[in-house]
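Below are the chains, spelled out letter by letter.
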Amino acid sequence: MLLGVKRVARIAHLSDLHYEESEPGLRSQVENILHGAKPDFVVVTGDLVETNKPRELGYAKDWLDSLVAKLTPRPRLIVIPGNHDLKPWGTLGVPLQSRRSACAPFLDTFRGDDRTTPIKKGVEVLAGGPGAEICFIGVWSAQKTSILATGNVTSDQLQELDTVLAGDEAKRALFRIVLVHHHPLPTRYKPKGYVQQYSNSLMAFHNAGQFLESMVRHECDLVLHGHRHFAGHAQYSLETGGHGVSVISAGTATRRDSDDQRGNHLNLIDLFYDGTARMESRFFSDSHPREDATREFELIRLVDVARKRNVLAAQACHYRAAAVRKWVTVGQNGYSDIVVQFQSCGALDVGEGNVPEMPIKLSSGTPTCARGTHLTSATSSSFRRPALVSTW
């Protein structure tokens with residue numbers, strides 16, 4: 001991030017509230033953190049309750065509504081379900097139960113309004129930022145037929161996800177953020193003993209590889225998830241290189257027994273207009289913040305943005321460069337030369353079609369001391385490359 005770059009939005013990422021097992025002190029800590037952070041969005045990636053009873057879901061919704069209502073300005077609340085929101089104790093599915101019947105308590109509780117957006121189907125565009133700079137896409141990974149606490153994304157969902165990510169609403173956004181409950185990458189959680197090792201195997205995201213392949217192929221920026229009650233983040237890319245997606249896990253925000261020894265947890269994510277993103281990983285107990293465990297991370301760096309834009313430029317202009325350098329030399333007479341250098345540049349195989357010109361040097365007839373005035377004269381030097389030349 002460059003100094004002075006304006007922030008697009010701040011996201012508070014919570015997960016795994018398990019409201020029946022939450023502590024008032026932990027809820028107060030969340031309220032205090034968000035009061036100081038002033039997020040534009042509060043995103044909850046599932047497991048709001050321990051059991052999917054309408055009464056318990058109602059309690060969780062009432063607390064979330066009161067949480068965002070106390071914040072000024074009031075943020076938008078975005079909610080997706082986890083396995084505990086759809087199954088009794090998160091594990092007991094009913095094979096003959098329809099999806100609508102299994103999801104009814106959650107959908108009836110979180111109907112949505114002008115400030116709350118719940119996911120209502122398998123894949124859905126949930127909300128966008130100011131001027132559609134952000135596109136949130138929810139994906140339902142908790143399935144009624146999944147074994148115990150495992151998750152997956154169905155083939156129909158994967159097709160719908162491809163359609164949504166290729167659509168104009170997602171492609172126009174500066175940031176594409178996908179919300180899912182189950183963890184698509186392993187976490188640093190260390191099970192103790194055979195019982196925990198066995199139970200950990202029953203929480204897997206079965207076709208996570210297919211899901212992540214779609215994330216990379218469509219150049220998603222962030223994947224936010226929960227489920228494992230262990231905070232962390234990692235960068236994932238395919239072996240072919242190119243775009244990488246940041247996969248971010250939130251620990252449990254309010255459950256009294258956290259599996260993460262560092263404490264309860266939430267993420268604060270800042271998005272900036274230069275395409276970069278930064279995260280503060282916040283840990284706390286029921287009585288105070290745990291500053292020793294809290295860390296800041298650069299999720300999307302300027303070099304990542306440059307690499308992404310280089311790929312887009314190559315697709316649009318039919319050439320690829322390993323790096324593009326630009327510098328200005330100022331002479332003693334006050335005039336300047338602006339030089340743009342394309343390093344290790346190569347033409348893509350575009351056949352005999354129209355190949356655009358590529359400027360290699362620009363010079364201005366206006367002295368540097370007159371910067372900001374209208375340029376009265378300018379010259380450019382460029383060359384046209386043959387379509388079939390691979391390097392020069």
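Residues numbered from 1 in each chain as written. Predicted model: local features only at pLDDT ≥ 70, side-chain atom pairs only at ≥ 80, totals over all residues. Heavy atoms only, no water.

Q: So what's going on with the packing of helix α5 (residues 155-166) against helix α8 (residues 208-217)? Residues and values would help.
A: Orientation of α5 relative to α8, taken along the N-to-C sense of each, is 10 degrees, at an axis distance of 10 Å. The pairing of α5 with α8 is recorded here as roughly parallel in orientation. Residues Leu158, Leu161, Asp162 and Leu165 of α5 pack against Gln210, Phe211, Ser214, Met215 and Arg217 of α8. (Axes fitted to C-alpha atoms, helices over the stretch in contact; angles between N-to-C directions. Helix = DSSP H or I, 4+ residues; strand = E, 2+ residues; numbered from the N terminus. Parallel < 35°, antiparallel > 145°, perpendicular 65-115°, else oblique. Contact = heavy atoms within 4.5 Å.)

Q: Tell me about α8, and please be specific about residues and values.
A: Taken together, the buried positions of α8 are Ala208, Phe211, Leu212, Ser214, Met215 and Val216. On its buried face, α8 is in contact with β6 (134-139), α5, β7 (175-179), β8 (222-225), β9 (232-237) and β10 (244-249). (Buried < 20%, exposed > 50% of the residue type's maximum accessible area, 1.4 Å probe, protein only.)

Q: If you had to explain the sheet that holds strand β13 (residues 295-300) to someone new, which residues and values would you point to?
A: Here we have seven strands laid out as an open sheet, ordered β4-β3-β2-β1-β11-β12-β13, and mixed in their pairing. Two strands close off the open sheet at either side, each with one partner strand: β4 (116-118) and β13. Along the sheet, successive strands turn relative to each other by an average axial angle of 20 degrees, direction set aside. In terms of strand pairing, strand β11 (residues 264-272) meets strand β12 (residues 277-284) through eight bridges, oriented antiparallel. Paired with isoleucine 269 across the two strands is methionine 279, which belongs to β12. Against the sheet, helix α1 (residues 24-37) engages β1 (7-14), β2 (41-45), β11 and β12, with an angle of about 15 degrees to β11. On the sheet, helix α2 (residues 54-69) packs against β2, β3 (76-80) and β4 and is oriented at approximately 155 degrees with respect to β3. (Pairing = 2+ DSSP bridges.)

Q: Give a detailed account of the side chain of aspartate 221, specifying residues and quantitative values.
A: Structurally, aspartate 221 is set in the loop between α8 and β8. What makes aspartate 221 buried here is its relative accessible area of 6%. Within the structure, aspartate 221 has its side chain in polar contact with the backbone nitrogen of arginine 176 (distance 2.8 Å). The contact partners of aspartate 221, leaving out residues within four places of it in the chain, are Leu174, Phe175, Arg176, His243, Val245, Ser246, Ile300 and Lys308. (Polar contact = N/O pair within 3.5 Å; in protein donor to acceptor, adjacent residues only side chain to side chain.)

Q: Please give an account of the pattern of salt bridges that cites residues and values.
A: All told, the structure shown has 15 salt bridges when counted by the stated rule. Note that arginine 256 is salt-bridged to glutamate 23, the shortest N-O span being 3.2 Å. Taken together, the residues arginine 256 in the loop between β10 and β11 and glutamate 23 in the loop between β1 and α1 connect sequence positions 233 residues apart. For arginine 256, a relative accessible area of 40% gives the class partly exposed. Salt bridges sharing common partners tie together Arg7, Arg10, Asp270 and Arg278. (Salt bridge = Lys/Arg side-chain N within 4 Å of Asp/Glu carboxyl O.)

Q: So what about the nonpolar core? Which residues, and what values?
A: Core analysis: the biggest nonpolar cluster contains 58 residues, and Leu34, Phe136, Ile177 and Leu271 have the highest contact counts within it. The element contributing the most residues to this core is α2, with six residues. Residues contacting leucine 271, with those up to four places away along its chain left out, are Arg7, Val8, Ala9, Ile11, Ile134, Phe175, Ile177, Leu222, Thr276 and Ala277. (Core = buried A, V, L, I, M, F, W, Y, C linked by side-chain atoms within 4.5 Å.)

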